[in-house]
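Coordinates in review
Next come the chains, spelled out residue by residue.
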Amino acid sequence: MLTGTTTSDDEPPTEADAADTGAPTASFASSPRGARFARRLAVRWMEDWGYPPESDASCAVALVVGELTANAVRHGHVPGHGCRIRLGLDEGAGLVRIEVCDAAAAKRPPAAPPPTCPEGESGRGLLLVDVLAARWGWTPRRPVGKTVWAEVPTEPAT
C-alpha cells in the first residue's frame, strides 16, 4: 500500500467535484461524540453499498474515519463550527474516498506520519491511515478550514 501524502497540487477530485456525485455527506459536532457518530454513519453507508460491518473494507474505512474525525475534533476544533464527513465509492477503482472537513485552516496535518514512541499514548493515528489508505492528503477548504482525505481500497462487495 501507499505511504505518503499529496497536497492540493496533485490532489484528486475536490469536494466541489464530489458534491455532484451524490456521495453521502453528514455534518457532526466537533466533539468525541460527534466523531463516534461519523464513524458509525460511515459503517452504515458501507453496509448500504454491500460491505457488511465485519468486512475488511468496512473495518478499514471505520478505522480511517475514526482517526481522521478524532484528529478533526482534537486539532481542528474551532468554537461555533462543526465538522463534515463525505464518503464516495468508486467501484471501478476499488476505492472508498473519505473526506473529513474542519474549520481550522492554520492547523495542517504533517506531510508524513510522525514517528511514534512505543510508550506514547497517542501519535499513531496518521500512521494507521498511512498503512490502510492507498493515499491520503489534505486540501484547503473555501471559505475556511481544510479537508483531510484518504482513499481506502475495497474488496468486491458481497
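Residues numbered from 1 in each chain as written. Predicted model: local features only at pLDDT ≥ 70, side-chain atom pairs only at ≥ 80, totals over all residues. Heavy atoms only, no water.

**Describing the nonpolar core**
Val61, Leu68, Ile85, Leu87 and Ile98 are the most contacted members of the largest nonpolar core, which has 31 residues in total. Those elements that provide at least two residues to this core are β2 (25-28), α2 (32-48), α3 (56-75), β3 (83-90), β4 (95-102), α4 (125-132), β5 (135-140) and β6 (146-153). With eight residues, α3 is the largest single contributor of residues to this core. (Core = buried A, V, L, I, M, F, W, Y, C linked by side-chain atoms within 4.5 Å. Buried < 20%, exposed > 50% of the residue type's maximum accessible area, 1.4 Å probe, protein only. Helix = DSSP H or I, 4+ residues; strand = E, 2+ residues; numbered from the N terminus.)

**A few points about α4**
Along α4, the residues that are buried comprise Gly125, Leu126, Val129 and Asp130. End-on view of α4: buried residues confined to an arc of 135 degrees, all on one side of the axis. Residues of α4 that are buried make contact with α3, β5 and β6. (Arc of directions from axis to C-beta. Contact = heavy atoms within 4.5 Å.)

**Quick word on α3**
In this model, α3 (20 residues) spans 28 Å end to end at C-alpha, consistent with the 28 Å of a helix rising 1.5 Å per residue. Restricting attention to buried positions, one finds in α3 the residues Ala57, Ser58, Ala60, Val61, Ala62, Val64, Val65, Gly66, Leu68, Thr69, Ala72 and Val73. As for α3, its buried residues are in contact with β2, α2, β3, β4, α4 and β6. (Expected span 1.5 Å × (residues − 1).)

**Notes on the confidence of the model for the chain**
On average, residues of the chain score 81 in pLDDT, and 76% of them are at 70 or above. Predicted confidence for residues 1-20 stays below pLDDT 50, and this span has 46 contacts to residues more than four positions away or in other chains. (pLDDT = per-residue confidence, 0-100.)

**Considerations on unusual backbone geometry**
Backbone torsion omega between Arg142 and Pro143 reads 5 degrees, so that peptide bond is classified as cis. Among the structural elements, Pro143 can be located in the loop between β5 and β6.

**Looking at the pattern of salt bridges**
Following the criterion strictly, the structure yields five salt bridges and no others. The salt bridge involving Glu99 is made with Arg86; its shortest N-O contact spans 3.2 Å. One end of the pair, Glu99, is in strand β4; the other, Arg86, is in strand β3, with 13 residues separating them in the sequence. Arg86 gets classed as buried once you look at its relative accessible area, which sits at 9%. Note that Glu151 is salt-bridged to Arg135, the shortest N-O span being 3.0 Å. One end of the pair, Glu151, is in strand β6; the other, Arg135, is in strand β5, and 16 residues separate them in sequence. According to the relative accessible area criterion, Glu151 is buried, its value standing at 10%. What you see here is one network of salt bridges that share partners, running through Arg86, Arg97, Glu99, Arg135 and Glu151. (Salt bridge = Lys/Arg side-chain N within 4 Å of Asp/Glu carboxyl O.)

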